[in-house]
Every structure is written in C-alpha cells, then in structure tokens.
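# Inside the fold
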Amino acid sequence: MIVLLPLLLACSFASPTTPNIAELNELLDSLRETHAPDSRIELWDVQVHAAQGTLQVRGNLSSQKTFDAVQQALEKQFPEVVNQLVLLPEKETGTIVNALVNNSVIHLRREPSSTKELVTQALLGTPVRILKTERGKSLIQVPDGYIGWVNTAEVQRINQQELTAYKESEKVIYTVQAGRSYSDPNVESLPVSDLVIGNIVCKVSQQDGFTQVLYPDGRRGWVESRELVSADAIFHQTTVQDSLVQTALKFHGIPYLWGGTSSKNIDCSGLICNVYFMNGMLLPRDANMQAMIGRELTTDFVSDALEPGDLLFFGRKASAEAEEKVTHVAMYIGGGEYIHSAGYRERVSINSMDSTQPNFIESYPAMFVKAVRIVGEPYEGFQPTAKNAFYNEIIRSGE
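The sections below set out a description of the structure shown in this document. Bear in mind the structure is a predicted one, so any value in this text is a computation, not a measurement. (Residues numbered from 1 in each chain as written. Predicted model: local features only at pLDDT ≥ 70, side-chain atom pairs only at ≥ 80, totals over all residues. Heavy atoms only, no water.)

## Considerations on the sheet that holds strand β1 (residues 44-51)
- Read from one edge to the other, the open sheet built from 3 strands follows the order β1-β2-β3, with strand pairing classed as mixed. The sheet terminates laterally at β1 and β3 (82-87), the two strands that pair on one side only. Put simply, the sheet's adjacent strands are angled 10 degrees from each other on average, direction ignored. (Pairing = 2+ DSSP bridges. Helix = DSSP H or I, 4+ residues; strand = E, 2+ residues; numbered from the N terminus. Axes fitted to C-alpha atoms, helices over the stretch in contact; angles between N-to-C directions.)

Structure follows, in structure tokens:
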C-alpha cells in the first residue's frame, strides 16, 4: 500500500487536467475555424502543452484580430492557462511591409524546405511582410495574403526610412514575357539578372534607348526602355477588356506549374492574377477564391453574353450530394475562345467553346461550373492594386 500511494496521489492530481486539455483544444479548434479557417492566407500555429500541472498555449499567429480573439477567449474561459502565443512579426516596423522581393521570381513553399510543396510565387519588387526567419529561411506574407517559406536571401529587409525612400522613388514595371537587365546600356554586356512580366524596379536614368534601374539590394542594371512602363500606368489604370486580352496573350505557350504565378511557369489562377495585376486589379490567388467574387453570368457552357475578361470556372457543380467545387479557371478572350493554363496541356493555350472547332475540349462542358464578370463590378473580394494595404506602402502619391 505504501508503494502504491505516490502513484495513486499522482493519478488523483493528473486526472483533472485531462478533460481541461480536451476542452481547451475544443475551444482553440473553434477559434481557428472562426478566425483563421484558411491556412493559405493566415498562420495558425497553436499547440497546448502540459507542464508541472500547468497548461500552456504556445505558438505563432499572423493576424492581430485573431491574436486578440484568442487572448480574450482564453482569459474568459481558461484564466488559469498560461498564454505564450506570439504575434508575428515579433519586431514590428510600424508598417505591414518590411521587405521587398529581390529576385525576378521567388518560390513560397508550404514548409521551410526547397523540397516541399510550392504554394505560390512572388515577383521582383513586390512588397512583402517577413513574419519570422530561421536557418536561412523566412516565412513571408505577400499582398494577396498568401503565406509561405522562401530563401531569406531572396527578400531584402527594409526599415521605415528605406521603405519611405522606395515609395518616393520613380518606379517602372517590366512588360515583356522574359528578358534581362545588363551591366551597361548594351545587350552584349554582362547580364545583371533575368526579368519577367510584372517585375518592379526603381528608375535611375536613361541613355541610348536604355533605362538604368535600381534593385532592392542596391544592384543596378540597364533595361531596354521599350520593355518598361511607368508604374503609374499599371497601378492606377482603368481595367478594360481589350487590354486584358492583350496582356493574356503575352503568356501564351508558357509552361504550366502548380503554384506558379510568373511568366516563367504558371498555373491557371496565377495566369488570371497576372493578367489582372498588369491591368490595375488585384484578385484572390486561387481559382476557388476567384469564383467567389464578381457577378455570375451563366452556368451553361456557352459564349452568349460573355465579354472579354470574363472568368470561366470548371470543376463540379453543386448537387444534392455534394457542394460546388472549383478546380480550374480560364479567361474568355472573345470569338468563342478562352485562354488558360491547363495542367493536362502543360502550357498556356487557347481553346474554343464551339464544339465544331479543332481546339474544342470535349470534357470541358461537363466540368463547367459558371462564368463570372469582374470588370465594372463592385469591389467585393477584389480591389484596385493601389488600394491594397501592401502596395499602398510603396506607391507614391504621384503614381
């Protein structure tokens, strides 16, 4: 009996914490579903720990609103729990932007490893938010809200003074599918880097048909002036149908890549995001997100009433047995045709909605979910690029 007494006492003290852990986890699950249901755009890294008879909640969150909600719920329902949650980034700069993308294209991955899933990409000059850095990798958030791990060397951290200088600098945007900047105003000189559509750099000077540009890390290069356009022409332009089509055609033939959002490699929704970004509009990143915005036009696979720039969604229609599921998006370009980045074709291609045409895809009518119009519709779930919180930090008042 004497030998068993310590064990019995330990069990008597330990057993009450078991239901507390279950109840605490239930509360946290409920908070995650309410405040951070989409891990693509909000970090929820929360765990419960039991140590020496004390319950602790540890981890990281990326949203102030979610952080406050969790804190208030814990104080109200579990005041005895030690709250060790950290709101990222730990060292705030006073602005949502604390870094700029420093390569033509960088890969955001699900986990801090180059072998893990590619979730999206970001382009040179894009304003981003570094949430945390560890062992040569940084967890960042990009303007469309997506979160992922990148190589730390690919983003240039900036302080408030540097951000202000970047904001006030004259910026230009690259408009060609692919190209280079050079060490001298001569295409035969040493390349400084490659460039893709949507890259943002600061303008320094002009000479002999070339523009000298400045990179976030201080590098300088010369780009053919005809390949650049003033950032003002992108950030503040009115989105029009013909321009959307012209931009989309620049991506024709580019290889498909799951998670790709650049003119090097691109997926279906990445293509749509790029086309609209180059026309002054920032859309949600993924096809199922894009399907939730704009005005629904039709659920039939027909070109009647469609206009260039309208989005076509594919997947599975809602039924009594299952919810609607969107897995693919294309953009209507007129004449009964649409452009899209399709995995099965492995490249951006143009196809027809007319069954008599050679570029008609037989399986698509059965997969068609709906057509949606963005141009001219109220800004709900999407916005002009200049109104985005990230881009607003780098667009000068004159742009």
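## Structural notes on the pattern of salt bridges
- In this structure the tally under the stated criterion is 14 salt bridges.
- Between Arg 40 and Asp 286 there is a salt bridge whose closest N-O contact spans 2.7 Å. With Arg 40 in the loop between α2 (17-35) and β1 and Asp 286 in the loop between β18 (281-282) and α8 (287-290), the pair connects residues that are 246 residues apart, well separated along the chain. A single burial state applies to Arg 40 and to Asp 286, both of which are buried.
- Among the ionic pairs, Arg 226 bridges to Glu 224, the shortest N-O distance being 3.2 Å. (Salt bridge = Lys/Arg side-chain N within 4 Å of Asp/Glu carboxyl O. Buried < 20%, exposed > 50% of the residue type's maximum accessible area, 1.4 Å probe, protein only.)

## Looking at the nonpolar core
- Judged by nonpolar contacts, the single largest core of 48 residues is most densely connected at Tyr 276, Leu 283, Leu 311 and Met 331.
- In terms of residue count, the dominant contributor to this core is helix α7 (residues 268-277) (6 residues).
- Among residues more than four places away in sequence, those in contact with Met 331 are Leu 244, Val 245, Ala 248, Ile 272, Val 275, Tyr 276, Gly 309, Asp 310, Leu 311, Tyr 338 and Ile 339.
- Core analysis: the next-biggest nonpolar cluster, separate from the first, contains 18 residues, Ala 36, Leu 55, Val 70 and Phe 78 among them. (Core = buried A, V, L, I, M, F, W, Y, C linked by side-chain atoms within 4.5 Å. Contact = heavy atoms within 4.5 Å.)

## Considerations on the state of the cysteines
- A complete count under the given rule lists 0 disulfides for this structure.
- Looking at the unpaired Cys 268, the closest cysteine sulfur is the one in Cys 273, lying at 9.6 Å. (Disulfide = S-S within 2.5 Å.)

## Points about the packing of aromatic side chains
- Applying the stated rule across the entire model yields 11 aromatic pairs.
- Ring centres 6.0 Å apart and planes at 45 degrees place the aromatic pair Phe 235 and Tyr 391 in the tilted group. Taken together, the residues Phe 235 in helix α5 (residues 231-235) and Tyr 391 in the segment after β25 (383-384) connect sequence positions 156 residues apart.
- Since its relative accessible area comes to 5%, Tyr 391 is described here as buried.
- On the basis of an interplanar angle of 75 degrees and a centroid distance of 6.4 Å, the ring pair of Phe 301 and Tyr 338 is categorised as edge-to-face. Taken together, the residues span a long stretch of sequence, with Phe 301 in the loop between β19 (295-298) and β20 (311-316) and Tyr 338 in strand β22 (residues 337-342) at a distance of 37 residues. Neither residue differs from the other here; Phe 301 and Tyr 338 are each classed as buried. (Phe/Tyr/Trp six-rings, centres within 6.5 Å; stacked < 30°, edge-to-face > 60°.)

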